[in-house]
Amino acid sequence: MGARLRWRRFVSNFMLTMTGVCAVVSVMALFLILGYLLFNGGTSINWDFFTKLPKPVGETGGGMANAIVGSGKILLLASLFGVPIGFLGGIYLAEFSGRGMASVVRYAADLLNGVPSIVIGIFAYSIVVLPFKHFSAFAGAFALGMMMIPITLRSTEEFLKSVPRMLREGAMALGASKWKTIATVIVPAAYRGILTAILLALARVAGETAPLLFTAFGNRYESHGFSQPTATLPVMIYTYAVSPYEDWHRQAWAAGLVLLGLVLMINILARTILSRGIAVPRS
Amino acid sequence: MPSAGPVTGSRSFFSKLRDGDEIARLVTLLFAATVVLITAALVWELWVNSALPRQKFGLHFFMTQTWDPIMDDFGALPFIYGTLVTSVVALLISVPLGIGAAIFLAELAPPRISDTLQFFIDLLAAVPSVIYGLLGVFTVVPLMRTVIYPALNKPFGFLPIFKGPSYGVGFFTAGIVLAIMVIPYIISVSREVLLSVPRDQREAALALGSTRWESTWKVVVPFARTGIMGSIFLALARALGETMAVTMVIGNTPKIAASLFAPGYSIAAVIANEFTEATGDLYLQSLIALGLALFLLTFILNGLARILIVVTTQKGSGVTA
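Residues numbered from 1 in each chain as written. Chains lettered and ligands numbered in written order. Predicted model: local features only at pLDDT ≥ 70, side-chain atom pairs only at ≥ 80, totals over all residues.

Trainee: Even after reading the chapter, I still don't get the overall build of chain A, so can you show me in this structure?
Mentor: Regarding its fold elements, chain A presents 10 helices and zero strands. Taken from the N to the C terminus, the helices and strands of chain A come in the order α-α-α-α-α-α-α-α-α-α. Over its C-alpha atoms chain A spans a radius of gyration of 24 Å, topping by over 25% the 19 Å that the globule rule assigns to 283 residues. Within chain A, the fraction of its 283 residues that count as buried is 49%. Sequence separation of 24 or more characterises 74% of the internal contacts of chain A that already satisfy a separation of 6 or more. (Helix = DSSP H or I, 4+ residues; strand = E, 2+ residues; numbered from the N terminus. Rg over C-alpha atoms; globule rule 2.2 N^0.38 Å. Buried ≥ 20, exposed ≤ 12 C-beta atoms within 10 Å, placed from the backbone. Contact = placed C-beta atoms within 7 Å.)

Trainee: Even after reading the chapter, I still don't get the overall build of chain B, so can you show me in this structure?
Mentor: On a plain count of helices and strands, chain B comes out with 13 helices and two strands. Radius of gyration (C-alpha) of chain B: 25 Å, far over the 20 Å computed for a compact globule of 321 residues. When the backbone C-alpha atoms are referred to their principal axes, chain B occupies close to 85 × 65 × 35 Å. Across the 321 residues in chain B, those meeting the buried criterion constitute 51%. When contacts within chain B are restricted to residue pairs at least 6 apart in sequence, those whose partners lie at least 24 apart make up 77%.

Trainee: Help me understand the domain arrangement of chain A in this model?
Mentor: Note: interface size is frequently given as the accessible area lost on complex formation between the parts. Residues and elements named next belong to chain A. Domain assignment breaks chain A into domain 1 (3-44) and domain 2 (48-274). Averaged C-alpha coordinates put domain 1 and domain 2 at centres separated by 33 Å. Looking at side-chain class alone, the side of domain 1 that touches domain 2 contains two nonpolar, four polar and no charged residues. (Domains from an automatic or database assignment. Nonpolar A, V, L, I, M, F, W, Y, C, P; charged D, E, K, R; others polar.)

Trainee: What's the story with the environment of Lys52(A) in this structure? I'm lost.
Mentor: Residues and elements named next belong to chain A. Residue placement: Lys52 occurs in the loop between helix 2 (47-51) and helix 3 (65-96). Between the C-alpha atoms of Lys52 and Ala65, which are 13 residues apart in sequence, the distance is 5.4 Å. Not counting residues up to four positions away in its chain, the partners in contact with Lys52 are Gly62, Gly63 and Ala65.

Trainee: Where do I start with the domain arrangement of chain B in this structure?
Mentor: As assigned here, chain B comprises domain 1 (1-48) and domain 2 (66-317). Of note, the centres of domain 1 of chain B and domain 2 of chain B, computed from C-alpha atoms alone, are 41 Å apart.

Trainee: Whenever I open this one, the interface of chain B and chain A confuses me. Can you help?
Mentor: The partner chain A presents 70 residues to the 71 residues of chain B that form the contact. When residues of the side of chain B that touches chain A are assigned to their parent elements, the largest contribution, 17 residues, is made by helix 2 (residues 21-48) of chain B. Looking at the side of chain B that touches chain A, its residues break down into 46 nonpolar, 17 polar and eight charged.

Trainee: Could you clarify how one ought to interpret the nonpolar core in this entry?
Mentor: What tends to happen in soluble globular proteins is that the nonpolar side chains get buried as a cluster. Of all hydrophobic cores here, the largest spans 194 residues; its most connected members are Ile237(A), Ile186(B) and Val249(B). For this core, the element with the most residues is helix 7 (residues 171-195) of chain B, which contributes 17 residues. Residues within four places of Val249(B) in sequence aside, it is in contact with Gly133(B), Gly136(B), Val137(B), Val140(B), Val141(B), Val169(B), Thr173(B), Ala174(B) and Val177(B). (Core = buried A, V, L, I, M, F, W, Y, C linked by C-beta atoms within 7 Å.)

Trainee: Which parts of the structure should I look at to understand unusual backbone geometry?
Mentor: Both trends apply: most residues other than glycine have a negative phi, and most peptide bonds are in trans. Phi at Phe217(A) takes a positive value of approximately 60°, unusual for a residue other than glycine. The phi torsion at Asn252(B) lies on the positive side, around 50°, for a residue other than glycine. Note on placement: Asn252(B) falls in the loop between helix 11 (244-249) and helix 12 (267-274).

Trainee: Would you mind showing me how to read helix 5 (residues 111-126) of chain B here?
Mentor: Relative to the 22 Å expected for 16 residues at 1.5 Å per residue, helix 5 of chain B spans 22 Å between its end C-alpha atoms, a close match to the ideal helical length. Restricting attention to buried positions, one finds in helix 5 of chain B the residues Leu117(B), Gln118(B), Ile121(B), Asp122(B), Leu124(B), Ala125(B) and Ala126(B). Summarising the contacts, the buried residues of helix 5 of chain B are in contact with helix 1 (3-44), helix 8 (178-206) and helix 10 (246-274) of chain A together with helix 4 (77-108) and helix 7 of chain B. (Expected span 1.5 Å × (residues − 1).)

Trainee: Sorry, what's going on with the packing of helix 8 (residues 199-207) of chain B against helix 9 (residues 212-223) of chain B here?
Mentor: Residue and element names in this part refer to chain B. As a packed pair, helix 8 and helix 9 sit with axes 9 Å apart at the nearest point and diverge in direction by 145°. Crossing handedness for the pair helix 8 and helix 9: right-handed. Of the residues in helix 9, those in contact with Gln201, Arg202, Ala205 and Leu206 of helix 8 are Glu214, Ser215, Val219, Val220 and Phe223. A per-class count over the contact of helix 8 with helix 9 returns five nonpolar, two polar and two charged. (Axes fitted to C-alpha atoms, helices over the stretch in contact; angles between N-to-C directions. Left-handed = near helix turned anticlockwise from the far one by under 90°.)

Trainee: I would appreciate a short explanation of the environment of Tyr132(B) in the present structure.
Mentor: All names here are of chain B. Mapped onto the fold, Tyr132 is located in helix 6 (residues 129-156). Overall, Tyr132 belongs to the buried group, with 24 C-beta atoms counted inside 10 Å. For the pair formed by Tyr132 and Met181, sequence separation is 49 residues and the distance between their alpha carbons is 7.6 Å. Apart from the residues within four sequence positions on either side, Tyr132 is in contact with Val127, Val177, Ile180, Met181 and Ala245.

Trainee: Any chance you could explain the environment of Asn219(A) here in plain terms?
Mentor: All names here are of chain A. Relative to the helices and strands, Asn219 resides in the loop between helix 8 and helix 9 (233-241). We classify Asn219 as buried; it has 21 C-beta atoms within 10 Å. Expressed as a C-alpha distance, the spacing of Asn219 and Lys133, which sit 86 residues apart in the sequence, is 16 Å. Once you skip the residues sitting within four places of it in the chain, Asn219 turns out to touch Asn66, Gln228, Pro229, Thr230 and Ala231.

Trainee: I tried to follow the packing of helix 4 (residues 99-114) of chain A against helix 2 of chain B on my own but got confused; where do I start?
Mentor: A pair of packed helices is captured by two measures, namely the crossing angle of their axes and the spacing between those axes. At their nearest, the axes of helix 4 of chain A and helix 2 of chain B sit 9 Å apart, and the two run at 50° to each other. By the angle between their axes, helix 4 of chain A is oblique relative to helix 2 of chain B. Of the two possible hands of crossing, helix 4 of chain A and helix 2 of chain B adopt the one that is left-handed. The segment helix 4 of chain A lies against helix 2 of chain B, with Val104(A), Val105(A), Ala108(A), Ala109(A), Leu111(A) and Leu112(A) engaging Ala32(B), Val35(B), Val36(B) and Thr39(B). Its residues placed into classes, the contact of helix 4 of chain A with helix 2 of chain B shows nine nonpolar, one polar and no charged. (Parallel < 35°, antiparallel > 145°, perpendicular 65-115°, else oblique.)

Here's what the structure looks like:
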């Protein structure tokens, strides 16, 4: 074996090993993040965190009950706004559309999907906060709902289109009208994929902070209804982490652990259980 | 009942309306049109609400360095500089790492291991940016001050980019955090693009006597080149628009500094920090103008990325020339 061939073999093995190292390093980032949060958040989480309101600045203790409720409220409202638009719009794209309109809608959705979240926040501010003259859960939900639309829309379209033709033709042959075919045959056949995509969209916006900074704003107390400034977990993590107080840092870690746990849990559930046998689209 | 002829098309509008088909079409059309409407409104609002700085500063807005809310003088250059520098640092770190990992996942790893690792990569992509910020503030910033800064400043301190003191926060710190955030995008897209390279390309290279690495690096990767470029553009668009993680570790100082260890500012960060306290229309509209610039930048990059990725995956699935 010539020296040159040995050298080429060596280079090959070395470089291939390096790609493995790259993969391990990348995946390790996830476990480092998880481990660090478990370590720091696990020691600072307690029952008060879930049940108490934030204490005044300077006092230790207290929790983030209001932020947990606030996040829940805003996510619920965001889903009520974003999911129907995305879902029904997706049905239009997959089932009813002509060429022209569909490509415009698709293009708009792709554009919306790429908009930086802080810019979505500016838009929600100028269209919801300014007219009503105060920060509100509504405005935050509008911003997050907007971010859910493109994912829901495109995945609904994709999964509806992947339903086999035979199912469609079978229903039509039995005399069902088009919308009845869609409602009773096609959507049920595709619902697991669509639900997976909606859950992933929800998990994504659940961690969004930037669009909430000047829409839902924040609140140190409970907010009633949907028209008051509302605390959310991600914004609380941000304000607590950049604050100078030791006890707030502790609570930021706890909130980070809760948020990350929630987001990863939804992701794992959606990707493993719900989507068994379906290719999950990436956002 | 019409027993002959095509089922659709021959029926009148009203019979379709009675079946519900036409109603369903109109209702879903309405929702689809909402998507277009919202997107159009977004662009419109950004444009209209940034009119003041456009009139007062024109293109100078993007070329001057002063950011002085008290004197009502606004220039965006420090933010543009910070956004670009942090993104470039992020790409310098994440591109080699991401492409390396993608090669491993697509070319080397057995399918089961590859899928498992890809699952973890997808989870990494799902980690919220504020969590990256949290870890950035409490782990990367101290690490920068105590380990990375001395290691680079001592031997390379004569270079302008490694000169000067470090406060922990700064361009370099933000770049590192961004790098970890965009790696999943590079890996996922590059892996898919690499997997779409036809088998015969690899086999031909191996049959000609190339080693495994040579077939990968000189045949497969060039074949997927445009798609990999697409994944990098996608990552760049994400990095440019990223707000929270950068805001928390960049130092929030509107200055242009050659040193990567110096604190800086980015477009998204200044919007996040100053939007709610912006007094006066010109101040607020200057921030919105920054938002518009950011929007346009990511819009162009995302468009390019999509074209490149589609071109490559189609090339792989079609007949190879």
